[in-house]
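Each chain, letter by letter, is given below.
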Amino acid sequence: MTLSSKQATLLVLVALMALSPLFFPSGYYYRIGSLIFVNGLAVTGIVILTGYAGQISLGHAGFAGIGAYACALMPPKFGVHPALAMVLGAALSGSVAYVVGRPILRLKGYYLAVASLGFGILVSMVLSNETALTGGPDGMKVPELGLRAVLNGWGLELTNPQFWYALSGLFLLVGAWLALNLYDSPSGRALRALHGSEVAASTVGIDVAAAKLNAFVISAIYASLAGSLLALQNRMVTPDVAGYMHSIEMVTMAVLGGSGSVLGAIFGAGILTLLPQVLTVFQQYEQVMLGLIMMLVMIFLRDGLLPSLASLMRGRGE
Amino acid sequence: MSETMQFLLSGITVGAVYALVALGFTIIYNASDVVNFAQGEFVMLGGMITVFAHQAGLPLPLAALMAIVLTAAIGVAFNKLAIETARGAPVVSVIIITIGASIFIQGVAQIVFDKQLHRFPAISGDDPIKLLGATILPQSLWVIAGALVIFTGLFLFFTKTLLGRAVLATSNNRIAAQLVGININFVMTLSFALSAGIGALAGVLITPITLVSYQVGIAVALKGFASAMLGGMGNPKGALVGGLLLGLMESLTAGFISSQYKDAVAFVVILAVLFAMPQGLYGRKSMDRV
């Protein structure tokens, strides 16, 4: 039996997740691992929007912000459990994406980029200006999820970093599995068709507007869940989660690894999450590196690192 | 009444800067079909280089001139190294390249210069002038005069000189322009130099009023872009009108509605223009070739 590329991708992910902890010198690495998974989840959403459907968004951090602040605000205000708040946050992000996406997705290229950017900045502006509700630029506390205590009660003793490593990993696996399933489904094929040519796609009966809106809503939900996970894990949240730089980072992670492939994008998320950790000594060079990576990858490796490497290997093999 | 007048005056000052930035967008867009998200960094460089050259002992006019020339050179280098090499790339890639350039230039600026806010002395001092019941800084008059000179100069350049017409021809149709013997590469170089130089000049003029730090570029770029879109992408007259309108809307919003949300005006304008009249006030209707 040969593995389909979908099964291979998931297997690689599971293996990396399960085996990496064997090499962790300290508990801190679980924390970095779970950050990679959270970013990977958000970036998987970008793969669906940008890689499959060819639409750019520079405002997806806005949805991460909605997800994060849902977990911070709903439990104290409405007495909702944080886990339910996460679901409600995702539903809210999805609805906002549906309403905003309808007009925005009629636009193309630069206009779409700027419109989505404007949306993201508006969200972060509201989060930092409505001090009475959100605590302003200083951010606010987020309640404990409480799931780890339940697991401990069942005899599954996990440290906090281990727990978040496992939970974020699980979310990423499910997210990647769904995204991979979407790829070959009728909806996924529709997205890839309109990526190639919207006119051609509509002549074969694809509702281009509806397909794009679907991709936008799905990717918003991914970003929202990632924002919630980040907030619950950090136990606090600031408006930066919805900021311009966060949106740019998401897109950069996706294109760095290869926005056309789920594994590639997660790989990109891994590199860009690790980079600041490795570069702590050179912290002031972080921005220079980020900008340089964005330019070099787009000029020389347009498909992203992983797909470019893969085609290089295939070229050698023949 | 005098309050409203005050808001109008400050709106026109800021608007003149937005108009210059929008003009920079327009020139590059016409020459290369690229929307350059790094446009705001030219403004930042104009201010920062002048500050540091002045601190190093250069007289202010010389420092400003150096800033404009250096920034223009950076614009040309950006075109040669990034935009030309990536010619033919999909729009998404080009967007990421220019954003990457913007982040890169910011990163370099915070290493080469620093992270502080800076200013240098205004050209004609800081004593406000009374005007129609309100006051205006002499520097604001310099900003407005600078914008007027640039717009008039470029209008003459594009309509009266052979080189200017060559640039216009290139923006209309690259291949046709090449066929009649126009040196496209030179036109591109010229456009990036002009655009970056104009951005730097805007930075030099506005720094005594609004101060400059390595971070100011992004906000300026977005507002310049909003102005260019409001006026109609690719139209210099639109850039002027769009910039002034946006400046006025912003300062009236800050005055009468909420100063916290004055920066939101630009995005509301972008979204409103996109949905209501995507071609802007003076733009051409865009068509897709299948």
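Quick notes on the rules
Residues numbered from 1 in each chain as written. Chains lettered and ligands numbered in written order. Predicted model: local features only at pLDDT ≥ 70, side-chain atom pairs only at ≥ 80, totals over all residues. Heavy atoms only, no water. Helix = DSSP H or I, 4+ residues; strand = E, 2+ residues; numbered from the N terminus. Rg over C-alpha atoms; globule rule 2.2 N^0.38 Å. Buried < 20%, exposed > 50% of the residue type's maximum accessible area, 1.4 Å probe, protein only. Contact = heavy atoms within 4.5 Å. Areas by Shrake-Rupley, 256 points an atom, 1.4 Å probe, with all protein chains shown as cover. Lys, Arg positive; Asp, Glu negative; His and termini not counted. Charge placed at Lys NZ, Arg CZ, Asp CG, Glu CD. Polar contact = N/O pair within 3.5 Å; in protein donor to acceptor, adjacent residues only side chain to side chain. Axes fitted to C-alpha atoms, helices over the stretch in contact; angles between N-to-C directions. Left-handed = near helix turned anticlockwise from the far one by under 90°. Nonpolar A, V, L, I, M, F, W, Y, C, P; charged D, E, K, R; others polar. Phe/Tyr/Trp six-rings, centres within 6.5 Å; stacked < 30°, edge-to-face > 60°. Lys NZ or Arg CZ within 6 Å of the ring centre and 35° of its normal. Expected span 1.5 Å × (residues − 1). Buried area = accessible area lost by both parts, 1.4 Å probe. Core = buried A, V, L, I, M, F, W, Y, C linked by side-chain atoms within 4.5 Å. Parallel < 35°, antiparallel > 145°, perpendicular 65-115°, else oblique. Salt bridge = Lys/Arg side-chain N within 4 Å of Asp/Glu carboxyl O.

K.L.:
For this particular structure, what's the right way to read the overall build of chain B?
P.N.:
Helix and strand content of chain B: 11 helices and two strands. In sequence order, the secondary structure elements of chain B are arranged as α-α-α-α-β-β-α-α-α-α-α-α-α. The C-alpha atoms of chain B give 19 Å as radius of gyration, which agrees with the globular expectation for 290 residues (19 Å, within 12%). Sorting the 290 residues of chain B into buried and exposed places 54% on the buried side. Nonlocal contacts in chain B, meaning residues at least 24 apart in sequence, comprise 75% of its contacts between residues at least 6 apart. Here chain B has roughly 12400 Å² of accessible surface; of this, 68% comes from carbon and sulfur atoms. If you average the places of the 14 positive and of the 10 negative side-chain charges in chain B, the two averages end up 12 Å apart.

K.L.:
Help me understand the environment of Tyr28(A) in this model?
P.N.:
Residue and element names in this part refer to chain A. By the secondary structure assignment, Tyr28 is in helix 2 (residues 28-52). For Tyr28, a relative accessible area of 47% translates into the label partly exposed. With 133 residues separating them in the primary sequence, Tyr28 and Pro161 have C-alpha atoms 7.3 Å apart.

K.L.:
How should the side chain of Ser258(B) be read in this particular structure?
P.N.:
Turning to its location among the elements, Ser258(B) is positioned in the loop between helix 10 (236-256) and helix 11 (264-276). Side-chain polar atoms of Ser258(B) contact the backbone nitrogen of Tyr261(B), separated by 3.1 Å.

K.L.:
Could you clarify how one ought to interpret unusual backbone geometry in this entry?
P.N.:
The phi torsion of most residues other than glycine is negative, and most of the peptide bonds are trans. Unlike most non-glycine residues, Arg235(A) shows phi in positive territory, near 60°. Relative to the elements of secondary structure, Arg235(A) occurs in the loop between helix 11 (208-234) and strand 2 (236-237). The phi angle at Leu211(B) is positive, at roughly 65°, despite the residue not being glycine. What makes Leu211(B) partly exposed here is its relative accessible area of 30%.

K.L.:
So what exactly am I meant to see when it comes to the packing of helix 1 (residues 2-32) of chain B against helix 10 of chain B here?
P.N.:
Between two packed helices, both the angle of their axes relative to each other and the distance between the axes serve to describe the pair. Residue and element names in this part refer to chain B. Running from amino to carboxyl end, helix 1 crosses helix 10 at an angle of 145°, the nearest separation of the two axes being 6 Å. Once helix 1 is placed against helix 10, the crossing between them reads as right-handed. Grouping the amino acids of the contact of helix 1 with helix 10 by side-chain chemistry returns 16 nonpolar, nine polar and two charged.

K.L.:
Before we go on, may I ask you to explain the packing of aromatic side chains in this structure?
P.N.:
Note on aromatic pairs: each is described by the distance of the centres and the angle between the planes. As enumerated under the stated definition, the model contains 13 aromatic pairs over all chains in all. With a centroid separation of 6.2 Å and 70° between ring planes, the pair formed by Phe78(B) and Phe192(B) is classed as edge-to-face. With a gap of 114 residues between them, Phe78(B) in helix 3 (residues 60-83) and Phe192(B) in helix 8 (residues 184-210) connect regions that are remote in the sequence. In this structure Phe192(B) comes out as buried when scored by relative accessible area, which is 0%. Here the aromatic residues Tyr30(A), Phe37(A) and Tyr165(A) are joined through ring pairs into a cluster of three or more. Positioned above the aromatic ring of Tyr183(A), the side-chain terminus of Arg192(A) is 3.8 Å from the ring centre.

K.L.:
It is not clear to me how helix 4 (residues 91-112) of chain B should be interpreted in this structure. Could you clarify?
P.N.:
For the α-helix, the turn length of 3.6 residues means that residues three or four positions removed from each other point alike. Here helix 4 of chain B is 22 residues long and its end C-alpha atoms lie 31 Å apart, about the 32 Å a rise of 1.5 Å per residue gives. For helix 4 of chain B, a buried count of 17 out of 22 residues is recorded, marking the element as mostly surrounded by other parts of the structure.

K.L.:
What am I meant to see in the interface of chain B and chain A here?
P.N.:
Size of an interface, as often reported, equals the accessible area lost when the parts are brought together. Contacts between chain B and chain A engage 46 residues on the former and 41 residues on the latter. Carbon and sulfur atoms make up 78% of the surface buried where chain B meets chain A, a total of about 3800 Å² over both sides. Counting every contact that joins chain B to chain A gives five residue pairs in polar contact (both at pLDDT 80 or more). Of all the elements, helix 4 of chain B adds the most residues to the side of chain B that touches chain A, at 17 residues. A breakdown of the residues in the side of chain B that touches chain A according to their chemical character gives 35 nonpolar, eight polar and three charged.

K.L.:
Can you help me understand helix 1 of chain B in this one?
P.N.:
Residues and elements named next belong to chain B. For helix 1, with 31 residues, the first-to-last C-alpha span of 45 Å sits near the 45 Å given by 1.5 Å per residue. Of all 31 residues making up helix 1, 22 are buried, and the element is well covered by its neighbours. Backbone geometry just downstream of helix 1 places Asp33 in the positive-phi region, at approximately 60°.

K.L.:
Sorry if this is basic, but what is going on with the side chain of Lys212(A) here?
P.N.:
Following the sequence through the fold, Lys212(A) ends up in helix 11. Leave out the neighbours within four places in its chain, and Lys212(A) touches Gln55(A), Leu105(A), Leu191(A), Leu194(A) and Glu198(A).

K.L.:
For this particular structure, what's the right way to read the nonpolar core?
P.N.:
One recurring pattern in soluble globular proteins: nonpolar side chains tend to sit buried together. Counting residues in each nonpolar core, the largest one holds 175 residues, and the members touching the most others are Leu58(A), Leu191(A), Val237(A), Phe37(B) and Ile99(B). Phe37(B) has contacts with Tyr110(A), Ala113(A), Val114(A), Leu117(A), Ile95(B), Thr98(B), Ile99(B), Ser102(B) and Ala221(B), leaving out every residue within four places of it along the chain. Of all hydrophobic cores here, the second largest spans 15 residues; its members include Met48(B), Val51(B), Ala109(B) and Phe120(B).

K.L.:
When you look at the environment of Ala109(B) in this model, what are you seeing that I'm missing?
P.N.:
All names here are of chain B. In this fold, Ala109 is placed in helix 4. C-alpha separation for the pair Ala109 and Glu41, spaced 68 residues apart in sequence, amounts to 9.5 Å. Those residues within four positions of Ala109 in sequence are excluded, and the remaining contacts are Met44, Asp114 and Tyr214.

K.L.:
What am I meant to see in the packing of helix 12 (residues 244-257) of chain A against helix 14 (residues 286-300) of chain A here?
P.N.:
Residue and element names in this part refer to chain A. Two elements in contact, helix 12 and helix 14, have axes whose closest approach is 10 Å; the angle formed by their N-to-C orientations is 40°. On the basis of their axis angle, the class for helix 12 and helix 14 is oblique. As for how helix 12 packs across helix 14, the hand of that crossing is left-handed. Facing Met245, Ile248, Glu249, Thr252, Val255 and Leu256 of helix 12, the residues of helix 14 in contact are Gln287, Leu290, Ile293, Met294, Val297 and Met298. Here the residues of the contact of helix 12 with helix 14 are counted per class, giving nine nonpolar, two polar and one charged.

K.L.:
I keep staring at the pattern of salt bridges and nothing clicks. Help me out?
P.N.:
Oppositely charged side chains are able to pair whenever their charged atoms sit close together. Residues and elements named next belong to chain B. Taken as a whole, this structure holds nine salt bridges over all chains when the rule is applied. In this structure, the salt-bridge partner of Asp263 is Lys262, at a minimum N-O distance of 3.6 Å. Owing to a relative accessible area of 29%, Lys262 belongs among the partly exposed residues under this scheme. Residues joined in a network through salt bridges with shared partners are Lys223, Glu250, Lys262 and Asp263.

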